[in-house]
Amino acid sequence: VWGLLNGFYLVAGIATKGLRDRFFSVLGLHEETVPRQIIMIGSTFVLTCLAWIVFRANNLADAWHVFTHLACDWDFSQIKTEQFLLRQMPAPVGGILVLEMGQWLHRRGLVQPFLARLPLVPRWALYTFFVITILMFGVYQKAQFIYFQF
């Protein structure tokens, strides 16, 4: 089912490209505009999340039940596990925003010139900061490979 769903996404994406381009053109959102890129990234994220529901469900009936109840009875105070509480949410959201900003800057070719202009000590301080951040937030326990957990 997983492969079929991703194949459907691929075929639907190819088949609707012209329609989507015309739609965005009417709105004045050409290929390189930021709002269009945000919409495209957001729609890819939503489609991926929907595909994960199918991937994680025991069967199609369970997936259908989740789909039909997605907008029902949201209680954000219940978003927690023994290891993660809702009050900790700003740290991962901030981390994701920093990573996305870094990717955006790198794609535009701004990271390497910035690092090249930095004097030696601040540049190495930045490198050290990144290494320490990775060490602090790393997971160092033995765990089953992520795909085997499903």
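First, a word on what this report is: a plain description of the structure on this page. As the structure is a computational prediction, the values presented were derived from the model and not from experiment.

Time to look at the pattern of salt bridges. The full count for this structure, using the stated rule, is four salt bridges. Between Asp21 and Arg36 there is a salt bridge, with the nearest N and O atoms lying 2.6 Å from each other. Of this pair, Asp21 sits in helix 2 (residues 17–26) while Arg36 sits in helix 3 (residues 34–56), placing them 15 residues apart in sequence. Given the relative accessible area of 7%, Arg36 is considered buried. The salt bridge partner of Arg36 is Glu31, with a shortest N-O separation of 3.5 Å. Given the relative accessible area of 47%, Glu31 is considered partly exposed. Through salt bridges with shared partners, one network takes in Lys17, Asp21, Glu31 and Arg36.

Okay, the side chain of Arg36 next. Looking at Arg36, its side chain comes within polar contact range of the main-chain oxygen of Leu29, at 3.3 Å. Dropping the residues within four chain positions of it, Arg36 is found in contact with Asp21, Phe24, Leu29, His30 and Glu31.

The subject of this paragraph is the nonpolar core. If you look at the biggest cluster of nonpolar residues, it comprises five residues: Leu5, Ala51, Ile53, Val54 and Ala63. Apart from the residues within four sequence positions on either side, Ala51 is in contact with Trp2, Leu5 and Tyr9.

For the rest of this paragraph, the subject is unusual backbone geometry. Even without glycine at this site, Asp73 takes up a positive phi of about 55 degrees. In this structure, Asp73 sits in the loop between helix 4 (60–68) and helix 5 (90–107). Since its relative accessible area comes to 78%, Asp73 is described here as exposed.

Cut-off values and rules
Residues numbered from 1 in each chain as written. Predicted model: local features only at pLDDT ≥ 70, side-chain atom pairs only at ≥ 80, totals over all residues. Heavy atoms only, no water. Salt bridge = Lys/Arg side-chain N within 4 Å of Asp/Glu carboxyl O. Helix = DSSP H or I, 4+ residues; strand = E, 2+ residues; numbered from the N terminus. Buried < 20%, exposed > 50% of the residue type's maximum accessible area, 1.4 Å probe, protein only. Polar contact = N/O pair within 3.5 Å; in protein donor to acceptor, adjacent residues only side chain to side chain. Contact = heavy atoms within 4.5 Å. Core = buried A, V, L, I, M, F, W, Y, C linked by side-chain atoms within 4.5 Å.

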